[in-house]
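# Descriptive structure summary
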Amino acid sequence: IGDRPDLGGGENVPMPILAARRQVVDLMCEQVECADIVILNKADLVSSTELQLLTEAVARLNPHAAVLATQFGQVDPASVLSGGMVGGSVASLDIEREQWRLVQLSIGGGE
């Protein structure tokens, strides 16, 4: 981190600012460590080598998480609702039921 000013390091950074930046880095690491799914958005803006390195870094922080590389935030809802679990899911996607629920909410009805 000392060599990466964008991650809170660098020379001549006052201690309070360095501590605040470090908290952000710690928070990001904790989020990856606790996630079922990690979405790597804007994958089209990095090289395949950089994307592979990032995927490996995420896998080291959390070997159980599903890692999805995306562009423009486009993610298959079923892959997210499955919770990243292999062979099972935390939730299931019922598009017709969800669409009905949204229509009911928009017209003032309930379920």
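Not measured: the values here are computed from a predicted model.

### A short note on the nonpolar core
- V32, A35, V38, L40, V58 and A65 form the largest nonpolar core, which has 6 residues in total.
- Apart from residues lying up to four places away in sequence, V32 is in contact with V38, V58, L61 and N62.

### Remarks on the confidence of the model for the chain
- In this model, the chain carries an average pLDDT of 77, and 66% of its residues clear a pLDDT of 70 or more.
- Mean pLDDT in the chain bottoms out at helix α4 (residues 95-106), which sits at 75, and peaks at helix α2 (residues 48-61), which reaches 94.
- Scored below 50 in pLDDT, residues 86-92 shows 9 contacts in the model against residues more than four places distant or in partner chains.

### Structural notes on the pairing of strand β2 (residues 66-69)
- Where strand β1 (residues 37-40) lies against β2, 4 bridges are found, and the strand directions are parallel. In the sheet register, I37 faces β2, and the bridge partner there is A66.
- Taking the sense of rotation as the criterion, the β-α-β connection linking β1, α2 and β2 turns out right-handed.

What counts, and where the lines are drawn
Residues numbered from 1 in each chain as written. Predicted model: local features only at pLDDT ≥ 70, side-chain atom pairs only at ≥ 80, totals over all residues. Heavy atoms only, no water. Core = buried A, V, L, I, M, F, W, Y, C linked by side-chain atoms within 4.5 Å. Buried < 20%, exposed > 50% of the residue type's maximum accessible area, 1.4 Å probe, protein only. Contact = heavy atoms within 4.5 Å. pLDDT = per-residue confidence, 0-100. Helix = DSSP H or I, 4+ residues; strand = E, 2+ residues; numbered from the N terminus. Pairing = 2+ DSSP bridges. Right-handed = clockwise from strand over helix to strand, strands pointing away.

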